Every structure is written in C-alpha cells, then in structure tokens.
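Notes for the structure review
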Amino acid sequence: MGEGTTMQGFYMVLLGADKPPYNKLYDYKTGKWIGKSTALWRAFWFYIVVYDKLKAGPVSYNFAADVWAKHREAFSKGNVAMDVGGSWEWGEGWGVKGIAPLKPCKDKCDGNAACYTACEANYVGFAKMPGWDGGKSGEPTFVTISGGQGE
C-alpha cells in the first residue's frame, strides 16, 4: 500500500502508543533511529492483538495484489469493521463513485449522491485516532499524521 502502509498502517498506531518524544522512529537530537522503545512494543502488540488474539481481520487482505481495492471491498461488504485512513477514503473507497460503494446504499440510491450520502450515515461513522498521555492530563489525546504520495 505504499506510504499508506507506514502512515495509516503503522505510524498512526506508533504515534498513539506513547507521548512525544517517545512515540517516534528517529531521534533528531542524537541522529539515531529508535529500534527499541515502549511505543514500538505497544504498536507491534496492537497488531498481535488485532490479527492473532482477536482474529478481528484476515491477514490475507494485507497481501492482496491491490490491497486498497481488497480492503475497500471488504469494508463495503461489512467484512472489516474499521478503516484507518483519511478524508480521501470516501471518494476513492466506498463513496458513490468509489472502488466499492456500500451495497445497500448503491442498490437503494442508484447513483444519486445525496441519497447515497444520507444512506451511508446509517453504516459508516468516523472517530479520532486515540493517543497516549500516560493518564496525566485526565483528558483523552488524539493523534494525526499527514503526508502524501512519497512512494
């Protein structure tokens, strides 16, 4: 999935796994890569829990020839419960003109974007990516990352 693998597939989890500056892969002060940290352990543990312990998603989707299309199709059919992505997901993915529009909305709305968008609200919701603050603030923290097309 190109840069999407690192950004949405791993780095978002890493950013949320500890507070700055401990949630990074590179230490700019020392000029060294971080190969061992609590945040890395937590990020890898997240995937162990999702794929091995909970069996929340089939690992095989990650090895498809076109991972984006396979995942969006699975999401559209309700076979994947969560998608970590960005605002582009709707248009490219399950939106009315996307790779895999939501079947119940596609069938009901026959290409009418307003109808489709209203229908989709019954199936798809959005949430912020949780972060880690060590419980000190008493308030939840959230993480985000942006970039693009650096493949």
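Residues numbered from 1 in each chain as written. Predicted model: local features only at pLDDT ≥ 70, side-chain atom pairs only at ≥ 80, totals over all residues. Heavy atoms only, no water.

Attention shifts here to the overall build of the chain. The helix and strand inventory of the chain stands at six helices and four strands. When the elements of the chain are put in sequence order from the N terminus, they spell out α-β-β-α-α-α-α-α-β-β. The 151 residues of the chain split such that 29% are buried. Considering only residue pairs separated by 6 or more positions, the chain has 39% of its internal contacts joining residues 24 or more positions apart. Roughly 10200 Å² of accessible area belongs to the chain as shown, and the carbon and sulfur atoms make up 59% of that amount. (Helix = DSSP H or I, 4+ residues; strand = E, 2+ residues; numbered from the N terminus. Buried < 20%, exposed > 50% of the residue type's maximum accessible area, 1.4 Å probe, protein only. Contact = heavy atoms within 4.5 Å. Areas by Shrake-Rupley, 256 points an atom, 1.4 Å probe, with all protein chains shown as cover.)

One can find Glu120 in helix H6 (residues 113-120). No salt bridge forms around the buried Glu120; measuring N to O, its nearest opposite-charge neighbour Arg72 is 11 Å away. (Lys, Arg positive; Asp, Glu negative; His and termini not counted. Salt bridge = Lys/Arg side-chain N within 4 Å of Asp/Glu carboxyl O.)

Further remarks concern the packing of aromatic side chains. The description of an aromatic ring pair rests on the distance of the ring centres and on the angle between the ring planes. Tallied over the entire structure, the rule returns six aromatic pairs. Measuring from centroid to centroid gives 4.9 Å for Tyr26 and Tyr28, while their planes differ by 75°, and the two rings are edge-to-face. Take Tyr26: its relative accessible area is 27%, and that puts it in the partly exposed class. Note on Tyr28: relative accessible area 72%, which makes it exposed. Consider the rings of Phe46 and Tyr47, whose centres lie 5.1 Å apart with planes at 85°: the pair is edge-to-face. Given a relative accessible area of 32%, Phe46 falls into the partly exposed group. Take Tyr47: its relative accessible area is 23%, and that puts it in the partly exposed class. Site record: aromatic cluster; members linked through ring pairs are Tyr26, Tyr28 and Trp33. Directly above the ring of Phe142 sits Lys128, whose terminal nitrogen or CZ lies 4.8 Å from the centroid. (Phe/Tyr/Trp six-rings, centres within 6.5 Å; stacked < 30°, edge-to-face > 60°. Lys NZ or Arg CZ within 6 Å of the ring centre and 35° of its normal.)

Before going further, it helps to spend a moment on the state of the cysteines. Here a disulfide denotes one covalent bond, and it connects the sulfur atoms of two cysteines. Inspection of the entire model under this criterion finds two disulfides. Each sulfur in the disulfide pair Cys105 and Cys119 lies 2.2 Å from the other. Here the S-S torsion is close to -85°, and the disulfide linking Cys105 with Cys119 is therefore left-handed. With Cys105 in helix H5 (residues 103-109) and Cys119 in helix H6, the pair connects residues that are 14 residues apart, well separated along the chain. A residue is classified by how much of its surface remains accessible, and Cys119, at 5% relative accessible area, is buried. Two residues, Cys109 and Cys115, share a disulfide whose sulfurs are 2.1 Å apart. Of note, the bridge from Cys109 to Cys115 carries an S-S torsion of about -65° and is left-handed in sense. What links to what in the chain: the bonded cysteines, counted in sequence order, pair as 1-4, 2-3. (Disulfide = S-S within 2.5 Å.)

What follows is about the pattern of salt bridges. As enumerated under the stated definition, the model contains four salt bridges in all. For the salt bridge of Arg42 with Asp18, the shortest nitrogen-to-oxygen distance reads 4.0 Å. Of this pair, Arg42 sits in helix H2 (residues 38-53) while Asp18 sits in the loop between helix H1 (3-15) and strand S1 (26-27), and the two are 24 residues apart along the sequence. Given a relative accessible area of 12%, Asp18 falls into the buried group.

This part covers the nonpolar core. In terms of nonpolar packing, the biggest core is built from 11 residues, these being Phe10, Met12, Val13, Leu14, Leu15, Ala17, Ala39, Leu40, Ala43, Met129 and Val143. Where this core is concerned, the elements lending two or more residues are H1 and H2. A per-element tally of this core places H1 first, with five residues. The residues contacting Ala43, other than those within four sequence positions of it, are Phe10, Val13, Leu14 and Ala17. Within the second largest apolar cluster, eight residues are counted, among which are Cys105, Cys109, Cys119 and Val124. (Core = buried A, V, L, I, M, F, W, Y, C linked by side-chain atoms within 4.5 Å.)

Remember that the coordinates give geometry; whether it matters functionally is a separate question.
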